[in-house]
Amino acid sequence: VFMPHGLGHFLGIDTHDVGGYLPGHPPRSPLPGLKSLRTARVLQENMVLTVEPGCYFIDHLLDEAMDPSNILSQYLNADLVQEY
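Before going into details, it helps to say that this report is about the structure given with it. If you're wondering where the values come from, they're calculated on a predicted model, not measured in any experiment.

Reading the values: the criteria
- Residues numbered from 1 in each chain as written.
- Predicted model: local features only at pLDDT ≥ 70, side-chain atom pairs only at ≥ 80, totals over all residues.
- Heavy atoms only, no water.
- Helix = DSSP H or I, 4+ residues; strand = E, 2+ residues; numbered from the N terminus.
- Rg over C-alpha atoms; globule rule 2.2 N^0.38 Å.
- Buried < 20%, exposed > 50% of the residue type's maximum accessible area, 1.4 Å probe, protein only.
- Contact = heavy atoms within 4.5 Å.
- Lys, Arg positive; Asp, Glu negative; His and termini not counted.
- Charge placed at Lys NZ, Arg CZ, Asp CG, Glu CD.
- Patch = residues over 30% accessible without salt bridge, like charges linked within 9 Å, V, L, I, M, F, W, Y side chains within 5 Å.
- Areas by Shrake-Rupley, 256 points an atom, 1.4 Å probe, with all protein chains shown as cover.
- Salt bridge = Lys/Arg side-chain N within 4 Å of Asp/Glu carboxyl O.
- Phe/Tyr/Trp six-rings, centres within 6.5 Å; stacked < 30°, edge-to-face > 60°.

Take the overall build of the protein next. For the protein, the helix and strand inventory stands at 2 helices and 0 strands. For the protein, whose C-alpha radius of gyration is 16 Å, the value lies well above the compact-globule estimate of 12 Å for 84 residues. Taken along the three principal axes of its C-alpha coordinates, the protein extends 45 × 25 × 20 Å. Taking all 84 residues of the protein together, 19% fall into the buried category. When contacts within the protein are restricted to residue pairs at least 6 apart in sequence, long-range pairs at least 24 apart make up 55% of them. Here the protein contributes 4 positive and 10 negative side-chain charges, whose respective centroids are spaced 13 Å apart.

Together, Val-1, Ile-71, Leu-72 and Tyr-75 make up an exposed nonpolar region whose accessible area comes to about 410 Å². Along the chain, Leu-72 falls in the loop between helix H1 (59-66) and helix H2 (78-83). According to the relative accessible area criterion, Leu-72 is partly exposed, its value standing at 36%.

This part covers the packing of aromatic side chains. Following the criterion strictly, the structure yields 2 aromatic pairs and no others. Taken together, the ring pairs connect Phe-2, Phe-57 and Tyr-84 into an aromatic cluster.

In this section: unusual backbone geometry. The phi torsion at Asn-46 lies on the positive side, around 75°, for a residue other than glycine. As for its placement among the helices and strands, Asn-46 is situated in the segment before H1.

Mapping Asp-63 onto the fold places it in helix H1. The spatial distance from the C-alpha of Asp-63 to the C-alpha of Val-48 is 35 Å, given a sequence separation of 15 residues.

With that settled, the discussion passes to the environment of Ile-58. Locating Ile-58 in the fold gives a position in the segment before H1. Ile-58 sits 23 residues away from Lys-35 along the chain, and the two C-alpha atoms are 18 Å apart.

This is the structure in structure tokens:
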């Protein structure tokens, strides 16, 4: 909910190298906590990745997560989130 952008990306010729998911490599995981990873590839020597921590409070994502029918709602304190 608080990190919708993923955890980083490959660095290459372009700042945002798009080589994260390629044919013949593991597919993107659909699981919570893993689906925002930018790659499932086995890292090899000289591969470079960024780590981009950040905490974002995006209203529509928070509203969805705090809905009582969402499993994530049990882990969120709505009153505390509203302070920020």
